[in-house]
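Topology and contacts: notes
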Protein chains: 2
Amino acid sequence: MEQLNELKEKAKLVRKWCLVSTTEAGSGHPTSCLSAADLTTVLFDRYFTYDTSNPLNLYNDHFVLSKGHAAPLLYTLFGMADAYPLEELKTLRRFGSRFEGHPVPKYKYAEAATGSLGQGLSVGAGLALAAKREGYGTKTYVLTGDGELAEGQIWEAASFAAHEKLDNLVAILDINRLGQSQETMFGHHTEEYVAKFKAFGFEVIAVDGHNYEEINNALQAAQHHGGKPFAIIAKTFKGHGISFLENKEGWHGKALSKEELEKALQELAPVNDSLRFQLKKPTQAKQPQHTGTVHETTQTFEAGKEYATREVFGEVLTQLGKDDKDIYALDGDVMNSTFTQAFKKAHPERFVECFIAEQNMVSVAAGLSRMGKIPFVATFAAFLTRAADQVRMARVSEANIKFVGSHVGVSIGEDGPSQMGLEDIALFGALPDVVILQPADAISTAKLIPQLAAQQGFAYMRTLRPKTPLLYKNEDIFSIGGSKVLRSSNNDDLTVAASGITVFEALKAADDLKKENINIRVVDCYSIQPVDADTLKKCLDETRQRVLITVEDHFTHGGFGDFAAAALASTGARFFKMAVRQISQSGTKNELMDDAGIDAAAIITKVKSVLKPQAVA
Amino acid sequence: MEQLNELKEKAKLVRKWCLVSTTEAGSGHPTSCLSAADLTTVLFDRYFTYDTSNPLNLYNDHFVLSKGHAAPLLYTLFGMADAYPLEELKTLRRFGSRFEGHPVPKYKYAEAATGSLGQGLSVGAGLALAAKREGYGTKTYVLTGDGELAEGQIWEAASFAAHEKLDNLVAILDINRLGQSQETMFGHHTEEYVAKFKAFGFEVIAVDGHNYEEINNALQAAQHHGGKPFAIIAKTFKGHGISFLENKEGWHGKALSKEELEKALQELAPVNDSLRFQLKKPTQAKQPQHTGTVHETTQTFEAGKEYATREVFGEVLTQLGKDDKDIYALDGDVMNSTFTQAFKKAHPERFVECFIAEQNMVSVAAGLSRMGKIPFVATFAAFLTRAADQVRMARVSEANIKFVGSHVGVSIGEDGPSQMGLEDIALFGALPDVVILQPADAISTAKLIPQLAAQQGFAYMRTLRPKTPLLYKNEDIFSIGGSKVLRSSNNDDLTVAASGITVFEALKAADDLKKENINIRVVDCYSIQPVDADTLKKCLDETRQRVLITVEDHFTHGGFGDFAAAALASTGARFFKMAVRQISQSGTKNELMDDAGIDAAAIITKVKSVLKPQAVA
């Protein structure tokens, strides 16, 4: 009884700071914090094992705030665990503060940036997966709202967690009935969620989310290891604890005025400001390490033979996996197309089959990254767009993830437009500072993948479906940000920069044009971002016309051409983008590249039209 | 008994053509067709009501092939319904054929392009929703695979269908156990799917998917209207009917060789090639109409007042909804932020609350578009990225959808990066021929929305969170592809083109620079795609320096700047993109625009640095 009373007092202090900080900020979501204040107070006070002086300790429990708009609650909880003075919460949402409107990495207690809803359970599954596979014996708690349970990703994550038997994962569902604009689909019918999570393979307990005894019993039950992930489905009230907020519509995302705050604090009074959570500390410590070592591949390739870069990727990654035990491979039921199947065979303990659920796959990778892993996420490039928002949020999280998209462009042939990755460079390229590579042959692929693994940060590599001949020698050197000039004379008219499959078309065009005494410089821009601006500038300086033609198997806007043009934009050069301008269709590779106007014949026509003084195409 | 035998004979002919066409093509997914051959034979032979001479008749039943890789099955079914000669299936996957690797709109019997998995149930829900609300009394059948049930969107669609009481929607689940690379998560444990669909509010029947009587009974039961959507969960075998294919791994996405085909056809023999489905014809006919009429808004705005363009959008759409009964509004629990709430109030019968499930929302819109509706899909721009793949597929489907993304850019302020739409132009812009608009004030917004509604095709409009002053007069004219020159003299040094919130910064910069005797031309590019190339070229010609500075509240790559630069790329002008170059944070609008380097001060600095002859920034 006394213990329950102490919980209540602590929850009052939690409530106070959620209210004070948002009023100070003039915006925020205090009522969304209040519904979960009791749940999280019991969790932090009784169960959560964590060393606040070492947030990355792999032996810490994890707390993922999936309902990111309840950020003030997260900030208050760790403040009450003495991670920092609660007073600092008064900087909430101010420019430069670590307490942003939604959690971001500069707040180091956040396991991931959240705020786009429905992603936290997947991040938690990634954390729990690494913890389970590597035996840290920790728990991962994920607090979700109810509105976000409408997001399909939640059910991808639930299936995944059950399939992986993540009995170290505890979902705490704050069913407060009210979404942003109205009641959620199921309101307070918590039995709907109970049925769903049971059907998805969870151990489920439904509780009154403001009853400390029930919450405590549920969290106690969640400590067991029964082979199933655990869900605590808590019926709560938005704004609970403050009479004029509780269960009222129209209070979503609104801070209290100073006067309203005063009134609310009077309802809470007396509040004991000295109360704190005494978190249990883990008894061991281990940090994730990222050495940045480049483990060079020893693969060599035979001149005269052809290789699919997607297959080379699979082989090189498998070899790298021997040298670097942090490398994980994730795939979405296409391991026999992306060739991660070789990795699975060699390193099953670090292979993660995500089935056809790309959103969960990406957010699981974000969780793995937080644990110091180097996840390689592979599927068809087209299907990475399925996880565009998860990619975006993983980038905000500053996750270290390497994406590999196969089957890019119209050159995949007969399968048709639904399977063609034609907007993937735009997707990854829009995000700041993402490395984007598209090697055209086996050797450049094999040399670049170890560099991707060693580099800390976001990267994307396009791999090709068709086999391509070797362009390079086994001893050639490639680097992120580099390029290779493949045709060059001291009598070149202009420059054609290509990437991936179109490199071969550019070479064919150059060879044919040469017969007509037209010399063009051809550059293989295997590094799309950063693009090799110096080399391209040099090409402009050394050719007769300051003209750059880019050729790519991607849609016109947002692709390689825009990166190349941007790098040279201030030079006053003239640019011509050759790229895919319409939705493609089924056909052979050659038919479709011809149809799209990105084959050798199209390049020849374009070069000639540009060189005609009267005609500027 | 005799009837059952006839079904079996018809299914043999279906099987034959799935095998023949894929062998002829040399690729495709015959075994994925065979598992569903019996299910669909019963459906087409007994239940499906459809006029093959009028695929868009709103009184037709609908058949959505969610497992798009089983396209040859779809083509065979309609061929056996005498829509075209079966012989034409021998053009499968050939360049120019309407029988592509996955269904696309040039095959007019496809309700939507499919091939990215897990989207068909949402499309079907959109079809069923319009049919139910408008009282056509039809059924929508959706055939899904089992691999794709891992996609979260399936569960978004399931929740939505149950919530909307779509008892005219029948999901037929082809549980053939095998995915592309291995067994699915649940294999043949159909009870897993039964539990899930029941928990999600479906009426469920489990059947042997190769037993005609069970299939028939299930489809018979599905004709009832019990207020719930219906799921037929069919245990099937991939490759069923051909001994060496049935239930075998390694046969996904593989056509039979000529010899294997011969063997398979021997197993089927004798096949009666004259068998056909006699589809029931609907007794009524009604076509979707798209008049293309622009219903001008009568809204006027008061000089001196400020308006949020997102709010103007809501008001104008509500007014338009009175004149055009095909307009629907869809929202994802943010109707009080996007301001579709006004539309809901005025036209509840055409408002669709999709809750926080953006993927389903977009594919439902694709279904509505197929029914001749004009769906406006509204949420935060950042959350449209959640549905990037559905947007992509809706574009392949040639759907007529208008997307409206609010809360764009760092100018939203305190909520932080997770809520900022900063890659939305890249997302929509990468797709071919998408109209992209970003009006900066109330008047241009009000004038453009009716044009969006009237235009047939894909369009995206960015709306702003903050209120902005009026730039224009109520009588001014705006058009898709247009722009407005807002500052101009015959002594201008260079041109600054802005869009949206940055227009105001460019104007401030121009006014401040003028005091220092630097004149810049300022253009409001409210139409981003198509961008007003003629006006921009004219600006280059009429200013002292052939320089274009673009300023936008979007990430650097793939935004407005790349559209503007591409339009002028062949002119040899110099370009400078001012845009958001890093992940932003919480803060005030002004702090964040300053921090991102897209405010007036930054523009002034950039203009001066460009004008200094020695310094090219």
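Residues numbered from 1 in each chain as written. Chains lettered and ligands numbered in written order. Predicted model: local features only at pLDDT ≥ 70, side-chain atom pairs only at ≥ 80, totals over all residues. Heavy atoms only, no water.

What to know about the sheet that holds strand 1 (residues 62-65) of chain B
Residues and elements named next belong to chain B. Spatially, 1-2-3-5-4 is the arrangement adopted by the 5 strands of the open sheet, whose pairing is parallel. On the outer flanks of this sheet lie strand 1 and strand 4 (203-208), each paired with one strand and no other. Direction aside, the axes of adjacent strands within the sheet are offset by 20 degrees on average. Judged from the 4 bridges that link them, strand 1 and strand 2 (residues 140-145) form a sheet pairing that is parallel. (Pairing = 2+ DSSP bridges. Helix = DSSP H or I, 4+ residues; strand = E, 2+ residues; numbered from the N terminus. Axes fitted to C-alpha atoms, helices over the stretch in contact; angles between N-to-C directions.)

Quick look at the UniProt feature "domain: Transketolase-like pyrimidine-binding" (unreviewed entry) in chain A
Within the UniProt annotation, "domain: Transketolase-like pyrimidine-binding" (unreviewed entry) is assigned to residues 307-470 of chain A. Its end C-alpha atoms 8 Å apart, residues 307-470 of chain A is made of 43% helix and 20% strand. (UniProt positions renumbered as here; feature names shortened; annotations may be inferred.)

Considering helix 9 (residues 258-268) of chain A
Residues and elements named next belong to chain A. Buried within helix 9 we find Leu261, Ala264 and Leu268. Within helix 9, the buried residues cover an arc of 65 degrees as seen down the axis, which keeps them to one side. Facing away from the buried side of helix 9, by more than 90 degrees, are the exposed residues Glu259 and Gln266. Buried positions along helix 9 lie against helix 1 (2-25). (Buried < 20%, exposed > 50% of the residue type's maximum accessible area, 1.4 Å probe, protein only. Arc of directions from axis to C-beta. Contact = heavy atoms within 4.5 Å.)

Some remarks on the interface of chain B and chain A
Counting residues at the interface gives 105 residues for chain B, matched by 105 residues for chain A. Remark: the boundary between chain B and chain A carries 6 salt bridges. A salt bridge links aspartate 389 of chain A to arginine 386 of chain B; its shortest N-O distance comes to 2.9 Å. On inspection of chain B and its partner chain A, the count reaches 50 residue pairs in polar contact (both at pLDDT 80 or more). (Salt bridge = Lys/Arg side-chain N within 4 Å of Asp/Glu carboxyl O. Polar contact = N/O pair within 3.5 Å; in protein donor to acceptor, adjacent residues only side chain to side chain.)

Looking at the packing of aromatic side chains
Enumeration over the complete set of coordinates arrives at 66 aromatic pairs over all chains. On the basis of an interplanar angle of 25 degrees and a centroid distance of 4.9 Å, the ring pair of phenylalanine 78 of chain A and tyrosine 109 of chain A is categorised as stacked. In this pair, phenylalanine 78 of chain A is assigned in helix 4 (residues 71-80) and tyrosine 109 of chain A in the loop between helix 4 and helix 5 (120-134), connecting sequence segments 31 residues apart. Neither phenylalanine 78 of chain A nor tyrosine 109 of chain A differs from the other in exposure class; each is buried. Each residue in the set Phe44, Phe48, Tyr50, Phe63, Tyr75, Phe78, Tyr84, Phe99, Tyr107, Tyr109, Tyr141 and Phe277 of chain A is aromatic and connected to the rest through ring pairs, giving one cluster. Positioned over the ring face of phenylalanine 200 of chain A is lysine 196 of chain B, at 4.8 Å from the centre of the ring. (Phe/Tyr/Trp six-rings, centres within 6.5 Å; stacked < 30°, edge-to-face > 60°. Lys NZ or Arg CZ within 6 Å of the ring centre and 35° of its normal.)

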